[in-house]
Amino acid sequence: EVISLPDSEDGDIVHFQSDEVDASSADVAFGVALQGVVQISRETEYCQWSESSTTKRDENNRTYTQYYYTKMWRSYRVNSMMFDQAAAHHNPQRDPLPSATFAASGARLGVGEGRVATVDQAILEHTKAPWRRVDWTLGAVPRPARWLFWRSRDSTRYESIEALAGAESSPAARAHNFAYVGQGGYFFSPYQASMSESLFKYFVQYLEGSLLDWQLGDLMPSCTAGDIRVRFRVQDPHEVSVVGKVKHDTKNKACRIGLYRTPKGHDVGMLHAGYQSFQDMMSEEINQHRLWCMAMRAVTLLLASA
């Protein structure tokens, strides 16, 4: 049985709402820390070549394959070992700081009459709330809209660039040469090939006959294969609804909300953005689980029929 927080006792599963959210999330590797954030997500992108091909016929009606290469930012790395021109379009596989999500160690929620409820990290890790990108600018001023209709749809969280004062000495900067370049909130790390690696690449290009076989993708100015860029998204709801197991601290007018273990061994704990009833929260969780099950069944059927 789910009851309201004021009527609860230790060990009860409770449901309550709050519009006072005090939390802080950080990515220590980049020296990034943000207030009012229950989760921060690091999104890593890689500059990589991709290969495509078409089969054609010459004037003697013999078939041949023509390969094309494009270079762009991707959320994953591409293995270039099996490319037709593997040396000319080599993709370095460096991945020092892959994508990751970090939840706050706890969130302090005001629940009225000076009382505070601290929500455990285990619940925050499964927060249901909109994600929005973070951009650091001078004075936290929003960037000019590129299109007339963009400003009204811009949900970016703007922070003062002064908050990145420690980023220059962060592990990402010292070990991997990451630097904040802006352009939408990006940190950038250039790829630097060693002399021996460059000489070996030219030698293999000579062997595969691609040393002077340039394509449009080789001549267009863009990123260098092996470059890495990172940007951040956050969940920072101002109003939340919570379900979890309560443990009271009456002396300090506080309580802690953690996961509730059901008799069947399932952990229950939810934090959703906005004011929602317990029934609405459960309905959203069930619908999401149902969609996940349907997706897994579809994948299983595809693999079975392959």
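Reading the values: the criteria
Residues numbered from 1 in each chain as written. Predicted model: local features only at pLDDT ≥ 70, side-chain atom pairs only at ≥ 80, totals over all residues. Heavy atoms only, no water. Helix = DSSP H or I, 4+ residues; strand = E, 2+ residues; numbered from the N terminus. Areas by Shrake-Rupley, 256 points an atom, 1.4 Å probe, with all protein chains shown as cover. Core = buried A, V, L, I, M, F, W, Y, C linked by side-chain atoms within 4.5 Å. Buried < 20%, exposed > 50% of the residue type's maximum accessible area, 1.4 Å probe, protein only. Contact = heavy atoms within 4.5 Å. Polar contact = N/O pair within 3.5 Å; in protein donor to acceptor, adjacent residues only side chain to side chain.

**Re the overall build of the protein**
Alright, step 1. If you tally the helices and strands in the protein, you get five helices and 20 strands.
Alright, step 2. If you sum the accessible surface of the protein, you get close to 18700 Å²; carbon and sulfur atoms cover 54% of it.

**Considering the nonpolar core**
Soluble globular proteins: nonpolar side chains tend toward being buried together.
Alright, step 1. Ranked by internal contacts, the top residues of the largest apolar core, which has 20 residues, are L5, F16, V119, L124, V242 and I257.
Alright, step 2. For this core, the secondary-structure elements that each account for two or more residues are β2 (13-18), β9 (106-110), β10 (116-120), α1 (121-124), β16 (240-249) and β17 (254-258).
Alright, step 3. Here this core gets three residues from one element, more than from any other, and that element is β16.
Alright, step 4. Apart from residues lying up to four places away in sequence, F16 is in contact with L5, L109, V111, A117, V240, S241, V242 and I257.
Alright, step 5. Grouped together as the second largest cluster of nonpolar side chains are 19 residues, F30, V32, V230 and V234 included.

**Here's the deal with the environment of Q235**
Alright, step 1. Along the chain, Q235 falls in strand β15 (residues 228-235).
Alright, step 2. We classify Q235 as buried; its relative accessible area is 1%.
Alright, step 3. It is 5.0 Å that separates the C-alpha atoms of Q235 and W131, two residues lying 104 residues apart in sequence.
Alright, step 4. Leaving out residues up to four positions away in the same chain, Q235 has contacts with G36, V37, V38, Q39, T127, K128, A129, P130 and W131.
Alright, step 5. A polar side-chain atom of Q235 sits 2.8 Å from a polar atom in the side chain of Q39.
Alright, step 6. From its side chain, Q235 meets the backbone oxygen of T127 in a polar contact 3.3 Å long.

What is shown is where atoms sit, not what they do.
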